[in-house]
Amino acid sequence: MSVTISLIDVNEPPELLNWHRDIYENKGTGSAIGSPLIGTDVDASDACPPPRRSVMRSCGKLTYSVGPLEKRFDVLTTVQGTGQLVVGSEIELNFEVETQYEVLVAVHDVGGLSDDAVITVHIDDVNESPIIHDQYRKLYENSPKDTFVGKKLAFEEPDFEQIHKFEILSGDSVETWKISECDGQLYVKEATLDFETKKTYTLLIQVTDSGVTGEDLLSDRATVEIEVMDVNEQPELNGALFNVLENVASGTKIGTPLSEGLSDIDNSDNSPGDSDLQHHEFWISATNGNGAFSIDSSSGQLHVARQSSCVRDDDMERTSCSTIDYERQSSYLLEISVRDSGLRSGIDRKVAVAYVTISVSDVNEAPRFYRVIRKIEEQAIRMPEQVYDRN
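Anyway, here's the lowdown on the structure attached to this text. (Residues numbered from 1 in each chain as written. Predicted model: local features only at pLDDT ≥ 70, side-chain atom pairs only at ≥ 80, totals over all residues. Heavy atoms only, no water.)

1. Side note on the sheet that holds strand β9 (residues 165-171)
Strands pair in a sheet through their backbones, by hydrogen bonds, and they do so in one of two ways: parallel or antiparallel.
For step 1, the next point in the chain: Reading across the sheet, the 4 strands line up as β8-β13-β12-β9 and stay open at both edges, with mixed pairing between neighbours. A strand with exactly one partner marks an edge of an open sheet, and here the two such strands are β8 (135-140) and β9. Adjacent strand axes in the sheet meet at a mean angle of 30°, parallel and antiparallel pairs treated alike.
For step 2, the next point in the chain: The pairing of β8 with strand β13 (residues 219-229) spans 6 bridges and is parallel. Note on β13: the bridge partner recorded for Leu 139 is Val 228. (Pairing = 2+ DSSP bridges. Helix = DSSP H or I, 4+ residues; strand = E, 2+ residues; numbered from the N terminus. Axes fitted to C-alpha atoms, helices over the stretch in contact; angles between N-to-C directions.)

Okay, structure coming up:
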C-alpha cells in the first residue's frame, strides 16, 4: 500500500541582514543612501523568483519600513521589492559632528511576518570651503617694517586637520604689505605709511585649505580695510640771520616772522578752519641778549624789547643807547623754540628748536661834548676842551 503525504505550505518570515551603507555629508532630505537593501524570502507568495531558497535576491512583494519615531532616516519600497534607505527630515549630515548612525529597518512579507536589521550609516567627509569675512585693522603712521597690523585674520574652517594658505591677491599699494601664509598675520613690508598722504588701504585676501584628498582644495576671499592712524610729528623750524641797527627804538621789528620758516607735516592735508589744523607757539628759550628781545608767540616775529640809557643828539636822533649798541655787542644768538598744539585735546605736543643770529649794524653817532668848568690863571697857556666820540 502506498501512502501519499502532501506538504502544506506555511508562511515563513522574510530575512534582512544587518548591513551598512555610506553617504557623503551635507546631503539633503530624500537623498539615497547607498544601494537598495535586499530582503529575502523563501515563499512563492512573496514573488521571490525560483529557485526559492534563502539567497540574496529581491522579492517583488516585500515591503520595508522604519519605526514611527524614526525621523532621521526613511526607507522607500521599490517596485523590485527592495528597500532604498534615504535621508529623513530631521537630520543634518555633518561629518564633523557625527560620523555614523544606526537605523532599524524592518522587512515585511505579504503574510504579515517581518524581520528587523540594524543598518549602519557611515557619513563620509567632503571638503568644505573655509569662511573668511571682511575685516578691519588699524595701525599708526610711520610704523617700521615688520610691524604687526592688528591681530591675525580670523576665519572659520568646518573641516578637521586642515592646513591653510593666506595670500594677498590685490589692493592698495600691495608692495607696502605682506601676510604670513600659514596664519594670516598681516605685516608692514615697507615703512612708508603716512597719515597725511593716505589714510586707508583695502586689500583682497584669499585663504585656501589643504582639502580632504589633496586635490579638492577650496578657498574663500574677503576684503581687509586698514586704517592709518595719525601721530603728532615734530614741526621743523629754520634758523635765521637778521640785522638790526643800533640805537633803534623799543618795539622795532627784527627781520621777518619765523613762522615763514616753519613747516609741520601734520598740516599738509589740512586747510584753515579744519579741526585738525595744528597751531604753534613761539618763545625765546635761551639768549645772550639780557632781555633785549621779545617774540610774538603766534607769528614768531622778533622785536626789540627794551632800549636803555639812550640820549638825543642835537638833531634829536637817538644815540648812545646801552642795550642795542654796536660798540658794546655786535651780535646776539637766540635759541627759539616752537611748540605745536598736538593732536585733538592737546595730546602729545611736540617742540622744535632753531637758532637766530641778530647782527647789530653800526651807525655813525655824533660826537658827544661834555661841558666842564676849568679854572686858569691869567696869562696861562690855553688848553683844548675835552671831547668824547663814541665812534
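That shown, we press on.
2. Some details on unusual backbone geometry
As a rule of thumb, non-glycine residues mostly have phi less than zero, and peptide bonds are mostly trans rather than cis.
For step 1, the next point in the chain: Residues other than glycine seldom take positive phi values, yet Asn 26 does so here, at roughly 75°.
For step 2, the next point in the chain: Structurally, Asn 26 can be placed in the loop between β1 (19-24) and β2 (37-38).
For step 3, the next point in the chain: Positive phi outside glycine occurs at Asn 247, with the angle close to 75°.
For step 4, the next point in the chain: Examined against the element boundaries, Asn 247 turns out to sit in the loop between β15 (240-245) and β16 (253-254).
For step 5, the next point in the chain: Classification of Asn 247 as buried rests on a relative accessible area of 5%. (Buried < 20%, exposed > 50% of the residue type's maximum accessible area, 1.4 Å probe, protein only.)

3. What about the packing of aromatic side chains?
For step 1, the next point in the chain: Applying the stated criterion across every chain yields a total of 5 aromatic pairs.
For step 2, the next point in the chain: With 5.8 Å between their ring centres and 65° between their planes, Phe 73 and Tyr 101 make a pair best called edge-to-face. Within this pair, whereas Phe 73 is found in strand β4 (residues 73-77), its partner Tyr 101 is found in strand β6 (residues 100-108), the two being separated by 28 residues in sequence. As far as burial versus exposure is concerned, Phe 73 and Tyr 101 are alike and both buried.
For step 3, the next point in the chain: Look at Phe 148 and Tyr 187: their rings are 5.0 Å apart centre to centre, the planes differ by 90°, and that puts the pair in the edge-to-face class. Of this pair, Phe 148 sits in the loop between β8 and β9 while Tyr 187 sits in strand β11 (residues 186-188); the two residues are 39 residues apart in sequence, bridging distant segments of the chain.
For step 4, the next point in the chain: The ring of Tyr 187 is capped by Lys 178, whose NZ or CZ atom sits 5.7 Å from the centre of that ring.
For step 5, the next point in the chain: A cation over an aromatic ring shows up here: Lys 199 above the ring of Phe 195, its NZ or CZ 4.5 Å from the ring centre. (Phe/Tyr/Trp six-rings, centres within 6.5 Å; stacked < 30°, edge-to-face > 60°. Lys NZ or Arg CZ within 6 Å of the ring centre and 35° of its normal.)

4. Describing the environment of Gly 34
For step 1, the next point in the chain: The residue Gly 34 is located in the loop between β1 and β2 in this model.
For step 2, the next point in the chain: Taking the relative accessible area as the measure of exposure, Gly 34 reaches 35% and is therefore partly exposed.
For step 3, the next point in the chain: Counting along the chain gives 14 residues from Gly 34 to His 20, while the straight-line C-alpha distance between them is 8.7 Å.
For step 4, the next point in the chain: Contacts of Gly 34, omitting those with residues within four sequence positions, involve Arg 21, Asp 22 and Gln 84. (Contact = heavy atoms within 4.5 Å.)

5. Structural notes on the sheet that holds β15
For step 1, the next point in the chain: Across the sheet, 4 strands lie side by side as β15-β24-β23-β18; this open sheet has mixed pairing. Strand pairing shows two members of the sheet lacking a second neighbour, β15 and β18 (280-287), which therefore form its edges. For this sheet, the mean inter-axis angle between neighbouring strands, taken without regard to orientation, is 30°.
For step 2, the next point in the chain: Examined bridge by bridge, strand β23 (residues 331-340) and strand β24 (residues 351-361) share 9 bridges and lie antiparallel to one another. Opposite Tyr 332, over in β24, you have Ile 358 as the bridge partner.

6. So, the pattern of salt bridges
For step 1, the next point in the chain: On inspection of all chains with the given rule, the structure shows 7 salt bridges.
For step 2, the next point in the chain: One salt bridge connects Asp 348 with Lys 350, and the closest N-O pair in it is separated by 3.5 Å.
For step 3, the next point in the chain: A single network of salt bridges, built from pairs that share partners, joins Glu 281, Arg 339 and Arg 349. (Salt bridge = Lys/Arg side-chain N within 4 Å of Asp/Glu carboxyl O.)

7. Details of a nonpolar patch on the surface
For step 1, the next point in the chain: Together, Met 1, Val 3, Ile 5 and Leu 7 give the surface a local cluster of nonpolar side chains, amounting to about 640 Å² of exposed area.
For step 2, the next point in the chain: Among the secondary structure elements, Val 3 is positioned in the segment before β1. (Patch = residues over 30% accessible without salt bridge, like charges linked within 9 Å, V, L, I, M, F, W, Y side chains within 5 Å. Areas by Shrake-Rupley, 256 points an atom, 1.4 Å probe, with all protein chains shown as cover.)

8. Observations concerning the environment of Gly 88
For step 1, the next point in the chain: Within the secondary structure, Gly 88 sits in the loop between β5 (82-87) and β6.
For step 2, the next point in the chain: Put simply, Gly 88 and Ser 31 are 57 residues apart on the chain and 8.4 Å apart in space, counted from C-alpha to C-alpha.
For step 3, the next point in the chain: Setting aside anything within four residues of it in sequence, one finds Gly 88 in contact with Thr 29, Lys 71, Arg 72, Phe 73 and Asp 74.

9. Quick look at the pairing of β6
For step 1, the next point in the chain: Examined bridge by bridge, strand β3 (residues 63-66) and β6 share 4 bridges and lie antiparallel to one another. Across the sheet, residue Ser 65 finds its bridge partner in β6, namely Ala 106.
For step 2, the next point in the chain: With 9 bridges connecting them, β6 and strand β7 (residues 114-124) associate as antiparallel partners. Considered in β7, the bridge of His 108 is made with Ser 114.
For step 3, the next point in the chain: Between β6 and β7, which pair antiparallel in sequence order, lie 5 residues; one of them, Gly 112, sits at a positive phi of approximately 90°.

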